[in-house]
Amino acid sequence: NFDIDPMELTKEKGDQKAIGGKENDKKDKDKTHVDLTEFDGITDPMPATKALLQEPSKSVPYKRGKMYKRGVNFINMTETQRIFVFKHRTLYWIKDENEEYPRSRIKFDQSVQKLKREDMRSCSISTPSKEYTLTCY
């Protein structure tokens, strides 16, 4: 169960840019994984899954749990279960704990255009490049 109020995610404002995910070439493990954005041309290193799963000090907001993620366009309407980690004002998702890097992320800064609680178990999040619906069962 992922027991964080989605509205808490946007309380602080930072200067980071939200970006969409691209997977790193598995053969090239020596290089830093770079997540390329589809808007603004900004790149940002993606942390390793292993590092995300390590619980930080009590002063750093951290939550981890399973949720279902669903895209809102007609191509991606299926719900997929993922492990979500909220750390450093960023929500990351991974398919399983053995992945080298997260699948993608949403940084909660000025680029989050909409954050809406749909009901007691789900919320929708809009960024410049995508819209997501996240649900806890």
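Up top is the structure.
This one's a predicted model, so the numbers in the text were calculated from it and none came from an experiment.

J.: Help me out: how do you make sense of the side chain of Lys69 in this one?
T.: Inspection of the secondary structure puts Lys69 in strand β3 (residues 62-71). Those residues in contact with Lys69 that lie beyond four places of it in its chain are Thr78, Glu79, Thr80, Phe84, Trp93, Tyr132, Thr133 and Leu134.

J.: What am I meant to see in the pairing of strand β5 (residues 90-94) here?
T.: Side chains on a regular strand alternate between the two faces of the sheet. Of all 5 residues in β5, 5 are buried, a share of seventy percent or more. Bridging between strand β4 (residues 79-87) and β5 involves 5 bridges; their strand directions are antiparallel. Residue pairing for β5: Ile83 is matched across the bridge by Ile94. Hairpin connection of β4 to β5: 2 residues between the antiparallel strands, including His88 at a positive phi of 55 degrees.

J.: Whenever I open this one, the packing of aromatic side chains confuses me. Can you help?
T.: How two aromatic rings sit relative to each other is given by the distance of their centres and the angle of their planes. Applying the stated criterion across every chain, the model contains 4 aromatic pairs. Taken together, a centroid distance of 6.2 Å and an interplanar angle of 70 degrees make the contact between Phe86 and Phe108 edge-to-face. One end of the pair, Phe86, is in strand β4; the other, Phe108, is in the loop between β6 (104-107) and β7 (114-117), with 22 residues separating them in the sequence. In this structure Phe108 comes out as buried when scored by relative accessible area, which is 1%. Between Trp93 and Tyr132, the ring centres sit 5.2 Å apart and the planes meet at 65 degrees, which makes this aromatic pair edge-to-face. Of the two residues, Trp93 is situated in strand β5 and Tyr132 in strand β9 (residues 131-135); the sequence distance between them amounts to 39 residues. The same class applies to Trp93 and to Tyr132, which are both buried. Site record: aromatic cluster; members linked through ring pairs are Phe84, Trp93 and Tyr132.

Definitions and cut-offs
- Residues numbered from 1 in each chain as written.
- Predicted model: local features only at pLDDT ≥ 70, side-chain atom pairs only at ≥ 80, totals over all residues.
- Heavy atoms only, no water.
- Helix = DSSP H or I, 4+ residues; strand = E, 2+ residues; numbered from the N terminus.
- Contact = heavy atoms within 4.5 Å.
- Buried < 20%, exposed > 50% of the residue type's maximum accessible area, 1.4 Å probe, protein only.
- Pairing = 2+ DSSP bridges.
- Phe/Tyr/Trp six-rings, centres within 6.5 Å; stacked < 30°, edge-to-face > 60°.

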